[in-house]
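Chain by chain, the residues run as shown.
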Amino acid sequence: MFKGNSASPAKLSSYNPFRVLLGSVDTERNSTTMRFTTMASALKMKIVVAASVLTVAVGIYSWTKLRPSGPGAGFVSGNGRVEATEIDVATKLAGRVQDILVNEGDFVQAGQPLARMQIDVLEAQRDEARAQNQQASNSVSSAQAQVTVRESDKAAAQAVVAQRESELELAQRRLKRSETLSKANVNSAQALDEDRANARSAEAALSAAKAQVEAAQAAIDAARAQVVGAQSAVIASLATIARIEADIADSQLKSPRDGRVQYRIAQPGEVLGAGGKVLNLIDLGDVYMTFFLPETAAGKVAIDSEVRVVLDAAPQYVIPAKVSYVASTAQFTPKTVETANERQKLMFRVKAQFSRELLQKHLKMVKTGIPGVAWVKLDPQAQWPESLTEKTPE
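Overview of the structure.

Cut-offs used in this document
- Residues numbered from 1 in each chain as written.
- Predicted model: local features only at pLDDT ≥ 70, side-chain atom pairs only at ≥ 80, totals over all residues.
- Heavy atoms only, no water.
- Salt bridge = Lys/Arg side-chain N within 4 Å of Asp/Glu carboxyl O.
- Helix = DSSP H or I, 4+ residues; strand = E, 2+ residues; numbered from the N terminus.
- Buried < 20%, exposed > 50% of the residue type's maximum accessible area, 1.4 Å probe, protein only.
- Pairing = 2+ DSSP bridges.
- Contact = heavy atoms within 4.5 Å.
- Polar contact = N/O pair within 3.5 Å; in protein donor to acceptor, adjacent residues only side chain to side chain.
- 1 Å grid on protein atoms, 1.4 Å probe; cavity = no way out; pocket = protein on both sides within 12 Å on 5 of 7 lines; lining within 4 Å.
- Points joined across faces, edges and corners; volume = space filled by probe spheres on them.
- Nonpolar A, V, L, I, M, F, W, Y, C, P; charged D, E, K, R; others polar.

**Quick notes on the pattern of salt bridges**
As a working rule, side chains carrying opposite charge can pair if their charged atoms are close by.
Okay, step 1: Enumeration over the complete set of coordinates arrives at eleven salt bridges.
Okay, step 2: Linking glutamate 151 and arginine 224 is a salt bridge whose minimum nitrogen-to-oxygen distance equals 2.9 Å. Here glutamate 151, found in helix H3 (residues 120-183), pairs with arginine 224, found in helix H4 (residues 189-250); they are 73 residues apart in sequence, far enough to count as distant.
Okay, step 3: We classify glutamate 151 as partly exposed; its relative accessible area is 34%.
Okay, step 4: The partner of arginine 308 in a salt bridge is glutamate 306, and the shortest N-O contact between them spans 3.8 Å.
Okay, step 5: Exposure remark for glutamate 306: the relative accessible area of 34% places this residue in the partly exposed category.

**Quick word on the pairing of strand S4 (residues 113-117)**
Okay, step 1: With three bridges joining them, strand S2 (residues 95-100) and S4 adopt antiparallel strand pairing. The residue bridging isoleucine 100 from the neighbouring strand is alanine 115, located in S4.
Okay, step 2: Across three bridges, the pairing between S4 and strand S5 (residues 252-254) is antiparallel. Across the sheet, the residue bridging to arginine 116 is glutamine 252, located in S5.

**Topic: the environment of serine 255**
Okay, step 1: By the secondary structure assignment, serine 255 is in the loop between S5 and strand S6 (259-264).
Okay, step 2: The exposure class of serine 255 is buried, given its relative accessible area of 4%.
Okay, step 3: The residues touching serine 255, leaving out its near neighbours within four places in the chain, are Val108, Gln109, Ala110, Gly111, Gln112, Leu114 and Leu281.
Okay, step 4: Here arginine 257 takes part through its backbone oxygen, which lies 2.5 Å from a polar atom of the side chain of serine 255.

**Looking at the sheet that holds S4**
Okay, step 1: The four strands are arranged S5-S4-S2-S7 in an open sheet whose pairing can be described as antiparallel. Looking at which strands have only one partner, the edges of the open sheet turn out to be S5 and strand S7 (271-272).
Okay, step 2: The sheet contact formed by S2 and S7 spans two bridges and is antiparallel. Residue pairing in the sheet places glycine 95 in a bridge with leucine 272 of S7.

**What about the layout of surface pockets?**
Okay, step 1: What the second largest pocket holds in volume is close to 390 Å³.
Okay, step 2: Lining the second largest pocket are 17 residues, and of these Leu311, Ile319, Met365, Val366 and Lys367 lie nearest its centre.
Okay, step 3: For the lining of the second largest pocket, the secondary-structure elements that each account for two or more residues are strand S10 (314-326) and helix H6 (356-361).
Okay, step 4: Looking at which element gives the most residues to the lining of the second largest pocket, the answer is S10, with three residues.
Okay, step 5: Residue classes in the lining of the second largest pocket are distributed as 14 nonpolar, two polar and one charged.

What follows is the structure, given as structure tokens:
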């Protein structure tokens, strides 16, 4: 009778309108539960964040209000690092490094050999200078012998002069007698002429002998000049030997003072130019801390003001020092020392020098580059607080 789709009995029996209604109710309930769970989680997260923010705020407030404010108005502090005077041990002459006798970190004393340069060329130059010195010494001896010979020649010439003077005197006396006899017509005119000729010959011979004496004296002067020249050559050769020996001594590089080897810049076998660096030393007797103070405090700091240094690596010690330098011009504080806000201010560089006696006592504990805080006493009448009482390692 009826046409169209009709449900089978099995399908009709499986359809339950109450189940459909309950399913929709369960779905809505699950969705509501999920919404409540999400809201609870968000509320819990907000509570945790609020508690964290409150804890940080309380911590900042407590640190700001309860932190130590320092020893008082008569003191000022600055951050800095421990530094020391650095010394570059370099070769004076160009050459090859033969050997390095120390390693990085070794303690050295003043005058201790640190490295050696090759000196083969210098030794050859020294041998050459010694040979030249010997040659110059021989020249001195030869020149002195020539002086002796010339002096002998002069003495012989002077003897000849004396002889010629005697001959002239005899000839002049004979001429006078001849002239007297000739006036008395006792002697002939020929004899008078012969005596006059002999007298003139004796005068000429005397003049020639005197000229020989002068020539001998000139030869003596020349020989003495040669002696002086040879002696100067000896002195010059000795100076050359001394210079070369000084270069040889300088080729053994020695420590100029007590310190510690920081770097080995060169290695054995390397060829260096004049002034080439071989080692870098730290003078452990000249150690200081460089720190920075604002202009309002730097103007009150006097040279030799007392300083107490507390190092980050050893906060249990309080090391005494004295102000040895205050910069005359202001500068921006380096970023590694001050905070961002403080870097906007101009600061003055200050050096706090540690005593040499204290450094020598704790030589092996001295290290550079360690950061710390330096407290400076601005008021000479102020007393150091107990926290900054001097305390050094035993």
